[in-house]
Amino acid sequence: MTANWAFFAAAEPDLATTVERRFGAFTHHVLATLRKDGSPRTSGLEVRFLAGELWLGLMPGSLKALDLRRDPRFALQANLGEGTGMGGGDVRISGRAFEVEDAGTKAGYVEEVEPPEPFHLFRTELTEVVRTSVEDDAYLVVQVWQPGEPLRTVRRT
């Protein structure tokens, strides 16, 4: 089962706000895709949360865009920032990304984001959102959301 960003935000508004803030704190994040041989590829990129969707805008012909065209599975990690504080926690999103060819949708994205053109635009469907944080300097807290499941929270000492 998958869900778009709006579905996730409606199901877990507090976690969605935290995730958006973590991604908004820095410009560049890390995307993991799968190469032809199935091995992982990690690359930097920028993400956008617009109109209830999580969008990935990629340079034309980039290897990560070609990877996603071939196999839409991805993992996305928010930039942790400087030091070891992880302000707001470590945030990861997994799912599938599908290229958008619709001219009107791409035009709306261009109007909002003003990316360098040409570019590939991918709309995402989420399969998992995970936040790991430290609570009271004593607990490691892991929150896991998957479509159709309640939010799971695990605290470890």
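Bear in mind that the values here come from a model prediction, so they are computed numbers and not experimental data.

Chemist: Could you clarify how one ought to interpret the pairing of strand β1 (residues 29-34) in this entry?
Modeler: Residues in a regular strand point their side chains to alternate faces of the sheet. What you see with β1 is a clean split: H29, L31 and T33 sit on the buried side and V30, A32 and L34 on the side with no burial. With 6 bridges joining them, β1 and strand β2 (residues 40-45) adopt antiparallel strand pairing. Within the sheet, the bridge partner assigned to L34 lies in β2 and is P40. Following β1, the chain reverses through 5 residues before pairing antiparallel with β2; G38 in that reversal takes a positive phi of roughly 90 degrees.

Chemist: I keep staring at the nonpolar core and nothing clicks. Help me out?
Modeler: If you look at soluble globular proteins, the nonpolar side chains tend to sit buried side by side. Of all hydrophobic cores here, the largest spans 26 residues; its most connected members are W5, F23, L56, L76 and I93. Broken down by secondary-structure element, the contributors of at least two residues to this core are α1 (5-11), α2 (13-24), β3 (47-50), β4 (53-58), α3 (63-70), β5 (73-77), β6 (90-99) and β7 (120-135). The element contributing the most residues to this core is α2, with 4 residues. Contacts of L56, omitting those with residues within four sequence positions, involve L31, L45, V47, L68, L76, A97, H120, L121, F122 and T124. The next biggest cluster of nonpolar side chains, apart from the first, holds 6 residues, and it includes W55, V100, F119 and L121.

Chemist: Quick question: what am I supposed to make of the pattern of salt bridges here?
Modeler: A side chain with one charge may pair with a side chain of the opposite charge, provided their charged atoms come close. Taken as a whole, this structure holds 8 salt bridges when the rule is applied. Here E99 makes a salt bridge to R69, at a shortest N to O gap of 2.6 Å. Of this pair, E99 sits in strand β6 while R69 sits in helix α3, and the two are 30 residues apart along the sequence. Residue R69 is classed as partly exposed on the basis of its relative accessible area of 47%. Here E125 ties to R123 by a salt bridge, and the two come within 3.3 Å at their closest N and O atoms. Salt bridges linked by common partners bring R41, D67 and R70 together as one network.

Cut-offs used in this document
- Along each chain, residues carry numbers from 1 onward, in the same order as the chain's sequence is written.
- Reporting of local features is limited, given that this is a predicted model, to residues whose pLDDT is at least 70; pairs of side-chain atoms are given and counted only at 80 or more, and all residues count toward the totals for whole chains, interfaces and linings.
- Computation of side-chain values covers all heavy atoms of the structure but excludes hydrogens and water.
- The rule is simple: take the accessible area with a 1.4 Å probe, protein chains only, and divide by the maximum for that residue type; under 20% is buried, over 50% is exposed, in between is partly exposed.
- A run of H or I in DSSP becomes a helix once it reaches four residues, and a run of E becomes a strand once it reaches two; helices and strands are each numbered from the N terminus.
- Any two strands between which DSSP finds at least two bridges are classified as paired.
- Side-chain atoms within 4.5 Å link the members of a nonpolar core, which is a set of buried Ala, Val, Leu, Ile, Met, Phe, Trp, Tyr and Cys residues.
- Whether two residues are in contact is decided by their heavy atoms, any of which lying within 4.5 Å being enough.
- By salt bridge we mean one thing: a side-chain nitrogen of Lys or Arg within 4 Å of a carboxyl oxygen of Asp or Glu.

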